[in-house]
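The primary structure of each chain is shown beneath.
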Protein chains: 4
Amino acid sequence: MSRIARAMVLTKFNAPLELKEFPLTPPPPGEILVRIESSGICGSDLHMWKGNDPRTPLPIILGHEGVGRIESIDHGREDVLGQPLHAGDRVIWDRGVPCMKCYYCQIRKQPSLCPNRKVYGINLSSSEPPHLRGSHADYIYLFPETKLIKLDDSLPPEIFSAAACSGATAAHAIELADIQPEDTVVILGAGSLGLFAERLALDRGASQVVVVGTARSRYKLEMAKIFGAEHVIIYDETTIEERIDFVKNLTHGRGADVVIEASGAAKSVEQSVHYLGRGGKLLLAGAAVPIGDIKFQIYESVVSKNVTIQGVWVSDTTHLYQSVSLVTRHSDLFKKMVTRVFPLEKANEAFQQLLEGKAIKIALKPGLEM
Amino acid sequence: MSRIARAMVLTKFNAPLELKEFPLTPPPPGEILVRIESSGICGSDLHMWKGNDPRTPLPIILGHEGVGRIESIDHGREDVLGQPLHAGDRVIWDRGVPCMKCYYCQIRKQPSLCPNRKVYGINLSSSEPPHLRGSHADYIYLFPETKLIKLDDSLPPEIFSAAACSGATAAHAIELADIQPEDTVVILGAGSLGLFAERLALDRGASQVVVVGTARSRYKLEMAKIFGAEHVIIYDETTIEERIDFVKNLTHGRGADVVIEASGAAKSVEQSVHYLGRGGKLLLAGAAVPIGDIKFQIYESVVSKNVTIQGVWVSDTTHLYQSVSLVTRHSDLFKKMVTRVFPLEKANEAFQQLLEGKAIKIALKPGLEM
Amino acid sequence: MSRIARAMVLTKFNAPLELKEFPLTPPPPGEILVRIESSGICGSDLHMWKGNDPRTPLPIILGHEGVGRIESIDHGREDVLGQPLHAGDRVIWDRGVPCMKCYYCQIRKQPSLCPNRKVYGINLSSSEPPHLRGSHADYIYLFPETKLIKLDDSLPPEIFSAAACSGATAAHAIELADIQPEDTVVILGAGSLGLFAERLALDRGASQVVVVGTARSRYKLEMAKIFGAEHVIIYDETTIEERIDFVKNLTHGRGADVVIEASGAAKSVEQSVHYLGRGGKLLLAGAAVPIGDIKFQIYESVVSKNVTIQGVWVSDTTHLYQSVSLVTRHSDLFKKMVTRVFPLEKANEAFQQLLEGKAIKIALKPGLEM
Amino acid sequence: MSRIARAMVLTKFNAPLELKEFPLTPPPPGEILVRIESSGICGSDLHMWKGNDPRTPLPIILGHEGVGRIESIDHGREDVLGQPLHAGDRVIWDRGVPCMKCYYCQIRKQPSLCPNRKVYGINLSSSEPPHLRGSHADYIYLFPETKLIKLDDSLPPEIFSAAACSGATAAHAIELADIQPEDTVVILGAGSLGLFAERLALDRGASQVVVVGTARSRYKLEMAKIFGAEHVIIYDETTIEERIDFVKNLTHGRGADVVIEASGAAKSVEQSVHYLGRGGKLLLAGAAVPIGDIKFQIYESVVSKNVTIQGVWVSDTTHLYQSVSLVTRHSDLFKKMVTRVFPLEKANEAFQQLLEGKAIKIALKPGLEM
């Protein structure tokens, strides 16, 4: 191999990504080289591009929702389900590579809390060889400890991309929500994270889901209905009192059992607790970058209602497995969710579309004809 | 019976309790009449006296930490452990009487969330017969559904009083904290609630407890040490940064696994989250009356650390059982905690002592010689 | 009211039920009188009829799967969801009435373990007034503490009957199984209990369900497929090794995550543990009467695989709520499951059909034209 | 380094261990070389010596309870608590090295179930270089993925040895038992496993522990009392009915909440379930080798009491951490438990003492003067 791989590189915040070329060298010992077929653009990519995510080194190849085909792998490797892996197999992988040695990895068994966790496309700069550590590229090198899952070859690769981040994070939220059969779940935000959370909640036994979205993204609420929401509410056309009443009417006056904040907007976070009934749980999954101070009426909203507020930080391989399984099972839904694909080199246009709220999920496809 | 029972009645907020007499009639069908031996004064009594607790009807006989001897009971009654109950037995009882019919009582099996929960000395006015529904009195009438626990006769009754409220609430907090073996627990506040939480945490397997208290209540921190705290910190003589560093030094740099806010002070609640390490849990047990809005840096303190903030609302019979067992097991400690006893009719003096922070726990004893 | 109610009474084991008449007196204080619309015949009825269930007093009106319309109720009563109840409303109720005073009810919060639990049609003799304590009758009297759920009037009542017992017990099994997303579940037995367990497991997030049934009940396995089973296996046409291999092939060689034994047959119980993979859970839900000693290879099957064997004893109101909600949500499926209805007075014929394995579920309908 | 290390090697079942010498070569890349200070002899060693443990390859250096000082380690390594590790540090390590790549390690997060788990002294033959993979030796080589914990230098090393196996396994049992505050726990067997389980249960909040042992090992029951057991029962001097009655008398007639079978004897396993009350849990921790079929009365003992039978298979790093912390906290107790130390070369004598039941725990100490 003495070939070349292209990648879109972020060298300066708020400036266009630059198409750069890197040498395609043989992978370091134990590493896996994957040819990217689809790289989802996540809301976090936009945050990082703006410089709002404190984890971002420069220069960096963004992209942590990669799906691709194995180009080179050591003999005898298996995926986390025990399936043999060979060159040519289509795979997805846990974007995070925890150290598996620390207190959080081994004693708490919560690798998502590992302070040494390396994350493709998020905290690995492209300045160090082998450079290709983000999926907005033709190829990516994966550390030996990376956990992979072999994918169903008969489905389009781009429907799996979001499973790597928003899907897995939603699965983490659902796990922490400890959803009980017949729970009423309110989801704030109808983007990729919200849609995953919605479908996961329903598949976990929630009796009904209410999705709140904005008028600007009315098409997202339509998608939420297709995904199974019994009810959708347009945020900017209702008052918070009306929305609370709506939820109470659905629950014999009690309020929601679970609220999943999936928008990350400060106003939404502040209001989120009001939807809950006694003993309810609020999952804060959307606030992935600093949004300042949020005020809660501690006695009225939290203590006297025995409410739980739970931060949801990233995800681990369990959650990736659950979200990949979800996409496989509901592939028809997820085909609808990935609203657009762009060639790799059009990444800046794709970012722009997302900044303008014009798509739920866009995947970059390196080989795509323009 | 055509006797008279005295009770201290709150007829007006912020005004002295008035000693009033009530007729001691035979109990309504199925009810139990108990002669009060000890009635603990809780921090909530002070809040209610000031009119700060939204649950308080007037007039009311306060007192929800009662211990006494059965005066009259139907044949065949047992306590929750299956021990037969007879006149003359010393008992304590769950201050709350949930309806056992609603969604929270039956489907969630969380009677502490019951919206119909009656609470002796808290939401039952003395205006309705049989009037005596609070324990700051010679006698109390207990509804048929009241859950009782027979007490060890050989121990002084006043050491059990606090088990009925702060002990049970602390047990609820510990249950919700889901303490793991070797956890480091920080307790904010060294009053009765904090001391119970401390001892319960240690008995549940916490490896070390740090108690934070004020200089004014230095004697409470001494008590916290006697109760088993490895470390105590004086709030007003340290900065928040120093306190956080202290906890990090105890935990290999990680921060606390569990923080129990047991003071209810707004400033303490606001700072409480900062002691936590990744994946830590904050139990809000002290804020039993409205304290206004509390601000949290949601991304930095909650989301990116996967932190749980848990409101702790009152308690149920499980928690009463745990706190009564704790007091029985550690009776020597709890003898030290009840720093003073007053005759019933000196309730206003006792309230004053507590308002001035001069005692951890005071019990009113109806028969006590002045 | 000076009317008459008919009931089918078991006066002698293994002898035909006798149609008897009882006076329809006004209900005792606080009790609810319900006119039965549908009374499901449960496998336990057959056991009791044979004298195999140690709980059975004689004479007894069997029937613990009742659905009916309220004939008389105190003003102001609500169901467990807070819905007002009035005469004429269609209801179902928890067949068990725990004491709500004992250690299990209050401290463990597991009313299904209450040793004082009264059960309609199971441990209440018809010899004591008001006699009508089983649902194979025109009317039933319900104790004041009975938990009711109002039913959707637009659906046929008989589809709910089984929710009261096999549905609720299956919900209890599923709760104890703590099913995780993507679990593979094997269900042994395709009767009412097995079908409920199957659908509940799928609604809880199981990825695939395998149902094992007998050749005699091939039509039940067809129903299992309609209910959503990916795979069914005919017990008498396969070896245990073949069945184990089948399950391993579905699970990347691991074995089942959860096995629910829903047949109660000794041979099936003995084999049940073999389907499990490491860390798997076996729920024993079918063995509702003594079946003698069962042997397990403790090291090979339980210890070295870290397996859980869990007894499942009856159910509580939470489980009734879940099973009623399931039937409402999947009413089309459950319409198919109730294969036959008989008039009340034909109960002996109905019992015979079930003894011969000719139906999954039969409901007795008092008003039905013969 | 061109030195020599001695080790006791099992080359033939039931034959004396042979003292052999191995070259002390520089460790393979990333591995850690540890000089053994204390190597506990576990009950499993005896089973393996007899050829009863199906995992045993020959030849093998037994010993999986090692404590020692680091001889050689890569720069920058830390223990699982984040403490830097250097040559000269005293350490203990997880005897199991799971693959951290499979379904059990990553998706279930239960590395104790990993089918690829390598275990020092148990399933690693001495025939392959670097040979020294058991702790009954002067030195041991530890794989790079081994999890270590730095030990308190001021305590004797031999008190920690058993923490590596029986302590960690007991911690696993306690975790699976999900002990609740005030539980009554019965422990069958007063060896090292039983004593650890006892102390862990008490530290987790059990209100009382009953330990059952044999007359032959009366001194072990004395130790159980020193460890905190309120009650001990001599197995061969009581009937099972008497023992059950004894436990019921302690529990208001209910029976034990948790039973931990820590003897592994078939008869004890068979009887173990009878001590349980409704909803009780049986932890099978002692049966570490095949003991044949065990019979249970499924309806009477398991189903109708809603009982849990839980296999306990080995342990992981969480459990090691808990057991090491326990020993540190209660070092005075554990000093008493290690009844004897022998020089390495006297291993056969030590094995003989244990086979004859003459000691609770013996540690081999390579440097010890004979």
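What comes next is a walk through the structure. (Residues numbered from 1 in each chain as written. Chains lettered and ligands numbered in written order. Predicted model: local features only at pLDDT ≥ 70, side-chain atom pairs only at ≥ 80, totals over all residues. Heavy atoms only, no water.)

## Comments concerning the relation of the copies chain D and chain A
Phase 1: The operation relating chain D to chain A is a screw motion whose rotation component is 180°, with 0.0 Å of axial translation and a residual RMSD of 0.0 Å. In symmetry terms, the pair is related by a two-fold rotation axis. Residues of chain D ranked by C-alpha distance from the rotation axis are headed by D:Lys109, positioned 3.3 Å from it.
Phase 2: Looking at the interface residues of chain D, 100% of them are also at the interface in chain A, so both copies use one shared face. (Least-squares fit on C-alpha atoms with pLDDT ≥ 70 in both. Contact = heavy atoms within 4.5 Å.)

## Some thoughts on the relation of the copies chain B and chain A
Phase 1: Each copy superposes on the other: chain B lies on chain A with an RMSD of 0.0 Å after a rotation of 180° and an axial shift of 0.0 Å.
Phase 2: A shared interface surface links the copies, since 100% of the contact residues of chain B are contact residues in chain A too.

## Examining the packing of helix H4 (residues 166-177) of chain C against helix H5 (residues 192-203) of chain C
All names here are of chain C.
Phase 1: Taken N-terminus to C-terminus, the directions of H4 and H5 make an angle of 45°; their axes are 8 Å apart at the nearest point. When the axis of H4 is compared with that of H5, the two are oblique. Relative to H5, H4 is oriented so that their crossing is right-handed. Counted together, Ser 166, Gly 167, Thr 169, Ala 170, Ala 171 and Ile 174 of H4 and Ser 192, Leu 193, Phe 196, Ala 197, Leu 200 and Ala 201 of H5 form the full contact between these two elements.
Phase 2: Residue composition of the contact of H4 with H5, by class: eight nonpolar, four polar and no charged. (Axes fitted to C-alpha atoms, helices over the stretch in contact; angles between N-to-C directions. Helix = DSSP H or I, 4+ residues; strand = E, 2+ residues; numbered from the N terminus. Parallel < 35°, antiparallel > 145°, perpendicular 65-115°, else oblique. Left-handed = near helix turned anticlockwise from the far one by under 90°. Nonpolar A, V, L, I, M, F, W, Y, C, P; charged D, E, K, R; others polar.)

## Thoughts on the pattern of salt bridges
Phase 1: With the rule as written, the count across this model stands at 92 salt bridges over all chains.
Phase 2: When the shortest N-O distance is used, the salt bridge between A:Lys346 and A:Glu349 registers 3.3 Å.
Phase 3: According to the relative accessible area criterion, A:Glu349 is partly exposed, its value standing at 42%.
Phase 4: One salt bridge connects B:Lys358 with B:Glu356, and the closest N-O pair in it is separated by 2.7 Å.
Phase 5: On the basis of relative accessibility, which here comes to 45%, the residue B:Lys358 falls in the partly exposed class.
Phase 6: Look at B:Glu356 and you get partly exposed, because its relative accessible area is 34%.
Phase 7: Put simply, A:Glu37, A:Arg69, A:Arg90 and A:Asp153 are held in one network by salt bridges that share partners. (Salt bridge = Lys/Arg side-chain N within 4 Å of Asp/Glu carboxyl O. Buried < 20%, exposed > 50% of the residue type's maximum accessible area, 1.4 Å probe, protein only.)

## So, the side chain of A:Arg133
All names here are of chain A.
Phase 1: When you line up the elements, Arg 133 lands in the loop between strand S8 (118-119) and strand S9 (139-142).
Phase 2: Only 2.8 Å separates the side chain of Arg 133 from the backbone oxygen of Tyr 141, close enough to count as a polar contact.
Phase 3: Excluding residues that lie within four positions of it along the chain, Arg 133 makes contacts with Glu 31, Ile 61, Tyr 120, Gly 121, Leu 124, Ile 140, Tyr 141, Leu 142 and Phe 143. (Polar contact = N/O pair within 3.5 Å; in protein donor to acceptor, adjacent residues only side chain to side chain.)

## Description of the sheet that holds strand S14 (residues 256-261) of chain B
Phase 1: With respect to topology, 12 strands assemble into an open sheet ordered S13(A)-S12(A)-S11(A)-S14(A)-S15(A)-S17(A)-S17(B)-S15(B)-S14(B)-S11(B)-S12(B)-S13(B), the strand pairing being mixed. Both outer strands of the open sheet, strand S13 (231-234) of chain A together with strand S13 (231-234) of chain B, are each paired with one neighbouring strand and no more. Across the sheet, the axes of successive neighbouring strands diverge by a mean angle of 15°, strand direction being ignored.
Phase 2: Sheet topology note: the strand S17 (residues 308-311) of chain A/strand S17 (residues 308-311) of chain B ladder contains three bridges and is antiparallel. (Pairing = 2+ DSSP bridges.)

## So, the environment of B:Lys365
Residue and element names in this part refer to chain B.
Phase 1: Summarising the element assignment, Lys 365 is placed in strand S19 (residues 361-365).
Phase 2: By relative accessible area, Lys 365 is classed as buried at 18%.
Phase 3: Placed 208 residues apart in sequence, Lys 365 and Pro 157 show a C-alpha to C-alpha distance of 9.5 Å.
Phase 4: If we skip the residues at most four places from it in the chain, Lys 365 touches Glu 37, Pro 157, Glu 158, Val 341, Phe 342, Pro 343 and Leu 344.

## Description of the interface of chain B and chain A
Phase 1: If you look at the interface, chain B gives 45 residues, while chain A gives 45 residues.
Phase 2: Between chain B and chain A, roughly 3,800 Å² of surface is buried when both sides are summed, and carbon and sulfur atoms account for 55% of that area.
Phase 3: Of all residues in chain B, B:Arg278, B:Tyr299 and B:Asn306 give up the largest surface area on contact with chain A, accounting jointly for 19% of the area buried on that side.
Phase 4: Our count for the contact surface shared by chain B and chain A stands at four salt bridges. (Buried area = accessible area lost by both parts, 1.4 Å probe.)

## Here we look at the sheet that holds strand S12 (residues 208-213) of chain C
Phase 1: Read from one edge to the other, the open sheet built from 12 strands follows the order S13(C)-S12(C)-S11(C)-S14(C)-S15(C)-S17(C)-S17(D)-S15(D)-S14(D)-S11(D)-S12(D)-S13(D), with strand pairing classed as mixed. For this open sheet the edge positions go to strand S13 (231-234) of chain C together with strand S13 (231-234) of chain D, each flanked by a neighbour on one side alone. Strand-to-strand, the axes of this sheet are offset by a mean angle of 15°, without reference to chain direction.
Phase 2: Of the strand pairs in this sheet, strand S12 (residues 208-213) of chain D and S13(D) are connected by four bridges, and their pairing is parallel. If you follow D:Val212 over to S13(D), its bridge partner there is D:Ile233.
Phase 3: Seen against the sheet, helix H4 (residues 166-177) of chain D touches strand S14 (256-261), strand S15 (276-284) and strand S17 (308-311) of chain D and runs at an angle of roughly 150° to S15(D).
Phase 4: Helix H6 (residues 218-226) of chain D contacts S12 and S13 of chain D of the sheet and is inclined by roughly 170° relative to S13(D).

## Re the interface of chain D and chain A
Phase 1: Each partner contributes to the interface: chain D provides 16 residues, whereas chain A provides 16 residues.
Phase 2: Carbon and sulfur atoms supply 60% of the area buried between chain D and chain A, which totals about 1,600 Å² over both sides.
Phase 3: In terms of surface lost to chain A, no three residues of chain D exceed D:Gln106, D:Ile107 and D:Lys109, which account for 39% of the buried area on that side.
Phase 4: The interface formed by chain D and chain A holds two salt bridges in total.

## With respect to unusual backbone geometry
Phase 1: Here C:Pro129 and C:Pro130 are connected by a cis peptide whose omega angle stands at 0°.
Phase 2: Looking at the element boundaries, C:Pro130 is found in the loop between strand S8 (118-119) and strand S9 (139-142).
Phase 3: Each neighbour pair has its own omega, and for D:Leu58 with D:Pro59 the value is -10°, a cis peptide bond.
Phase 4: With respect to the helices, strands and loops of the structure, D:Pro59 is situated in the loop between helix H1 (43-50) and strand S4 (60-61).
Phase 5: In this structure, A:Asp178 is a non-glycine residue whose phi angle is positive, near 50°.
Phase 6: Positive phi values are uncommon outside glycine, yet C:His131 reaches one of about 70°.
Phase 7: Following the sequence through the fold, C:His131 ends up in the loop between S8 and S9.

## Observations concerning the packing of H4(C) against helix H10 (residues 317-329) of chain C
Residues and elements named next belong to chain C.
Phase 1: Look at H4 against H10: their axes get within 8 Å of each other, and the N-to-C directions meet at 110°. Classed by the angle they form, the pair H4 and H10 counts as roughly perpendicular. Together, Gly 167, Ala 168, Ala 171, His 172 and Glu 175 of H4 and Thr 318, His 319, Leu 320, Gln 322 and Ser 323 of H10 make up the contact between the two elements.
Phase 2: Of the residues that constitute the contact of H4 with H10, the class distribution is three nonpolar, six polar and one charged.

## Focus on a positive patch on the surface
Phase 1: Side chains of A:Lys267, A:Lys295, B:Lys267 and B:Lys295 sit close together on the surface and give a patch of like positive charge.
Phase 2: If you trace the backbone, A:Lys295 turns up in strand S16 (residues 293-297). (Patch = residues over 30% accessible without salt bridge, like charges linked within 9 Å, V, L, I, M, F, W, Y side chains within 5 Å. Areas by Shrake-Rupley, 256 points an atom, 1.4 Å probe, with all protein chains shown as cover. Lys, Arg positive; Asp, Glu negative; His and termini not counted. Charge placed at Lys NZ, Arg CZ, Asp CG, Glu CD.)

## Some remarks on helix H7 (residues 240-250) of chain A
Residue and element names in this part refer to chain A.
Phase 1: For H7, every residue scored as buried is listed here: Ile 240, Arg 243, Ile 244 and Val 247. Here the buried residues of H7 occupy an arc of 100° about the axis, which is enough to place them on one side. Exposed positions of H7 whose direction lies more than 90 degrees from the buried face are Glu 241 and Asn 249.
Phase 2: Those residues of H7 hidden inside the fold are in contact with strand S11 (184-188), strand S12 (208-213), S13, strand S14 (256-261) and helix H8 (266-272).
Phase 3: Once H7 finishes, His 252 follows within two positions and takes phi at roughly 50°, a positive value. (Arc of directions from axis to C-beta.)

## What about helix H10 (residues 317-329) of chain A?
All names here are of chain A.
Phase 1: Along its 13 residues, H10 runs 18 Å from first to last C-alpha, staying within 8% of the 18 Å computed at 1.5 Å per residue.
Phase 2: Burial analysis of H10 places 11 of its 13 residues in the buried class, the great majority of the element.
Phase 3: With a side-chain oxygen lying 2.9 Å from the backbone nitrogen of Thr 318, the N-terminal cap of H10 falls on Asp 316. (Expected span 1.5 Å × (residues − 1).)

## A short note on the packing of aromatic side chains
Phase 1: For the structure shown, the criterion picks out 26 aromatic pairs over all chains.
Phase 2: Arranged with centres 5.3 Å apart and planes meeting at 90°, the rings of A:Tyr103 and A:Tyr104 form a pair that is edge-to-face. Each of the two residues, A:Tyr103 as well as A:Tyr104, counts as buried.
Phase 3: Centre to centre, the rings of C:Trp313 and D:Tyr299 are 6.0 Å apart; their planes meet at 75°, and the pair counts as edge-to-face. On the criterion of chain membership, the pair formed by C:Trp313 in the loop between strand S17 (308-311) and H10 and D:Tyr299 in helix H9 (residues 298-303) is interchain, its members lying in two chains.
Phase 4: Judged by relative accessible area, which is 11%, C:Trp313 ranks as buried.
Phase 5: Overall, the relative accessible area of 5% leaves D:Tyr299 in the buried class.
Phase 6: One aromatic cluster is present, formed by A:Tyr103, A:Tyr104 and D:Tyr321 through successive ring pairs.
Phase 7: If you follow C:Arg254 out to its NZ or CZ, it ends over the ring of D:Tyr103, 3.4 Å from the centre. (Phe/Tyr/Trp six-rings, centres within 6.5 Å; stacked < 30°, edge-to-face > 60°. Lys NZ or Arg CZ within 6 Å of the ring centre and 35° of its normal.)

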